[in-house]
Amino acid sequence: LKPIFRLRKRGSHSIAMASGRRFLLALCLLAAVLGPCFQIPGVTGPPKKRPKPRDKRQELQRCPQKGGIVTRVYTMSPKKPNSAIRKVCRLKLSTGTETIAYIPGEGHSLQEFASVLMRGGRRRDLVGIRYNLVRGARDLQGVVGRRQSRSKYGTEKPSGDEPAAPAKGGKKR
């Protein structure tokens, strides 16, 4: 009978190294002797049950967007290192639940009872804001004069005949 543990020298330390199969065999024999009171999850017993990951976007109910009606439009100030006035609104969704969503982009003409489309997307510097509104959909117009990242802000492609306005905060030459 071969020993289960082998001694191996590493530097000045001697480490007891267990051969994987033999060690597992010894555990299974131990489990057989002790009976059902001794179980190793996934080896001699059923695998360990892991908790289900919680849904970060609960109000969306696994949908890409949800529609809703604006019940209140107001502003919030962000968390500590940032300083600004962020525009947010309270929504009553088509599912009947109420939630708060961020209004992205510069300027908006959103009022109470406007119909909007909400998507996921956490605003990290605003506490409790886990949703964004979709610009350019339903009653929420796109950002006027936007030239970069237009698809995110619902802005149409500018026509070629109008003069090019100077880029806001563009590169200095």
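Described below are features of the structure shown in this document. Because the structure is a prediction, the values reported are computed rather than measured. (Residues numbered from 1 in each chain as written. Predicted model: local features only at pLDDT ≥ 70, side-chain atom pairs only at ≥ 80, totals over all residues. Heavy atoms only, no water.)

1. Side note on the overall build of the protein chain
Condition: Secondary structure elements are taken from DSSP: a helix is a run of H or I of four residues or more, a strand is a run of E of two residues or more, and numbering for both begins at the N terminus. Partly exposed describes any residue whose relative accessible area lies between the buried limit of under 20% and the exposed limit of over 50%, with all areas from a 1.4 Å probe on protein chains only and scaled to the type maximum. Only heavy atoms matter for contacts: two residues are in contact if any of them lie within 4.5 Å across the pair. Here the Shrake-Rupley method, with its probe set to 1.4 Å, supplies the accessible areas, and only the displayed protein chains count as covering residues.
The secondary structure content of the protein chain amounts to one helix and seven strands. Residues classed as buried in the protein chain amount to 25% of the 173 residues present. Here the analysis covers contacts within the protein chain between residues at least 6 apart in sequence; of these, 44% occur between residues at least 24 apart. With an accessible surface of roughly 13,700 Å², the protein chain has 54% of that area assigned to carbon and sulfur atoms.

2. Description of the side chain of Arg-86
Summarising the element assignment, Arg-86 is placed in strand 4 (residues 86-93). Apart from the residues lying within four places of it in its own chain, the contact partners of Arg-86 are Tyr-74, Thr-75, Met-76, Pro-78, Tyr-102, Arg-123, Asp-125 and Leu-126.

3. Digging into the side chain of Ser-115
Counted only if it meets this: Think of a polar contact as two N or O atoms within 3.5 Å of one another; within protein, one of them needs to be a possible hydrogen donor and the other a possible acceptor, and neighboring residues in sequence only count if both atoms come from side chains.
Structurally, the position occupied by Ser-115 is in strand 6 (residues 115-120). One polar contact links Ser-115 to Arg-138, side chain to side chain, over a distance of 3.4 Å.

4. Digging into the pattern of salt bridges
The criterion, for reference: The term salt bridge refers to a side-chain nitrogen of Lys or Arg lying within 4 Å of a carboxyl oxygen of Asp or Glu.
With the rule as written, the count across this model stands at four salt bridges. Notably, a salt bridge pairs Glu-59 with Arg-130, separated by 3.6 Å at the nearest N-O pair. On the criterion of sequence distance, the pair formed by Glu-59 in the loop between helix 1 (20-34) and strand 3 (65-76) and Arg-130 in the loop between strand 6 and strand 7 (131-133) is long-range, its members being 71 residues apart. Using a relative accessible area of 31% as the deciding quantity, one classes Arg-130 as partly exposed. The partner of Arg-123 in a salt bridge is Asp-125, and the shortest N-O contact between them spans 3.4 Å. Under the relative-accessibility criterion, Arg-123 is labelled partly exposed at 24%. Each member of the salt-bridge network shares a partner with another, and the members are Arg-86, Arg-123 and Asp-125.

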